[in-house]
Amino acid sequence: MKLSAIAIDDEPVALSVIRSHAGKVPFLEMTGYYTNAFEAMEHLNRERTDLLFLDIKMPDITGIDFLTSLSNPPMVVFTTAYSEHAVQSFELDAIDYLLKPFSLSRFLKACNKAHYLLQMKQQHTLTGYIPEYLFIKSGYEQYKILLDDILYLESAGNYVNFVLKDRKLLSRISMQEALALLPSPLFTRVHRFFIVANNKVERIDRNYLYIQQASISIGAAYADAASKIWNGKDS
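Here goes a summary of the coordinates provided. (Residues numbered from 1 in each chain as written. Predicted model: local features only at pLDDT ≥ 70, side-chain atom pairs only at ≥ 80, totals over all residues. Heavy atoms only, no water.)

1. Focus: the environment of I18
Note the threshold: In this description a helix means any DSSP run of H or I spanning at least four residues, a strand means any run of E spanning at least two, and both kinds are numbered starting from the N terminus. Burial classes: relative accessible area under 20% of the type maximum marks a residue as buried, over 50% as exposed, and values in between as partly exposed (1.4 Å probe, protein chains only). We call two residues in contact whenever any of their non-hydrogen atoms come within 4.5 Å of each other.
Relative to the assigned elements, I18 resides in helix α1 (residues 12-22). A relative accessible area of 1% means that I18 is categorised as buried. Spatially, the C-alpha atom of I18 lies 9.7 Å from that of T79, the residues being 61 residues apart in sequence. Setting aside anything within four residues of it in sequence, one finds I18 in contact with A7, M30, Y33, F53, F102 and F107.

2. A few points about the nonpolar core
One recurring pattern in soluble globular proteins: nonpolar side chains tend to sit buried together. Put simply, the rule is: Throughout this description, the term nonpolar core refers to a set of buried Ala, Val, Leu, Ile, Met, Phe, Trp, Tyr and Cys residues connected via side-chain atoms within 4.5 Å.
Of all hydrophobic cores here, the largest spans 25 residues; its most connected members are L3, L28, M30, L51, F53, M75 and F107. Listing elements by their share of this core, those giving two or more residues are β1 (3-8), α1, β2 (28-34), β3 (51-55), β4 (75-80) and α5 (104-127). Ranked by residues supplied to this core, first place goes to α5 with seven residues. Contact partners of L51, with chain neighbours within four places excluded, come to L3, S4, A5, I6, L28, P74, M75, V76, V77, I95 and A114. In terms of nonpolar packing, the next biggest core, distinct from the first, is built from 21 residues, L54, I56, L70 and Y97 among them.

3. Section: the packing of aromatic side chains
Stated precisely, the cut-off is as follows: Pairing of aromatic rings covers Phe, Tyr and Trp, the last through its six-membered ring, and needs centres within 6.5 Å; plane angles under 30 degrees mean stacked, over 60 mean edge-to-face, and all others mean tilted. Only when the NZ atom of a Lys or the CZ atom of an Arg is both within 6 Å of the ring centre and within 35 degrees of the ring normal do we say a charge sits over the ring.
Counting across every chain of the model gives five aromatic pairs. Between Y133 and F135, the aromatic rings sit 5.8 Å apart at their centres with planes inclined by 90 degrees, giving edge-to-face as the arrangement. Residue classification places Y133 among the partly exposed positions, given a relative accessible area of 37%. Ring geometry for Y208 versus Y210: centroids 6.3 Å apart, planes at 40 degrees, classification tilted. Overall, the relative accessible area of 34% leaves Y208 in the partly exposed class. Among the aromatic side chains, those forming a connected cluster through ring pairs are F53, F102 and F107. For R19, the ring lying beneath its charged end belongs to Y33, and the centroid distance is 3.9 Å. Cation over ring: K144 sits above Y133, and NZ or CZ is 4.2 Å from the ring centre.

Structural data, given as structure tokens:
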């Protein structure tokens, strides 16, 4: 399975590095290299893209502003010479953060993560297989948690908090990774910071979902997905 990707960086030399590294990754198919972010946006609107390598500091628009402008962004790996945006990048769902100059091995690690997430998503979609449990790493331990025990997930920087019926587990993964682990028929992303278990939603209004004592914001970009939870309950 090929991973379709593009790269955006205002420095041609930086794009040349990505081109060189990408040529050594057999499952990576680069379909575009852009120094102009707005031309890249046209590509994203026109072509299926699984992964975006995105520079943060660009003259016309920052990578962060570019990403937040996308209504349905692909997986993102930020590529930058600056480390101060690392936490914010994970809050924006980046699956990795490459500090320039990055080696081929570090580039490959980011690609492998993206490839794994794509495989997990396609496996759930194609097979319809829904497991009863999953294993989550928290600290140095692996915990087996039943899917039915999950109430919702909340992003916490470069961590995700799994809120269960009787406890919470903090895991160092991104929201994209969490989504790949969870079967899509049972869980829905309703906000940049929240994923909910559909059958645990007790009430919904225009701006919030309610699960037990928690009020969970509905993001504007996720309003349609949130409404389908309740429609599904009524059907």
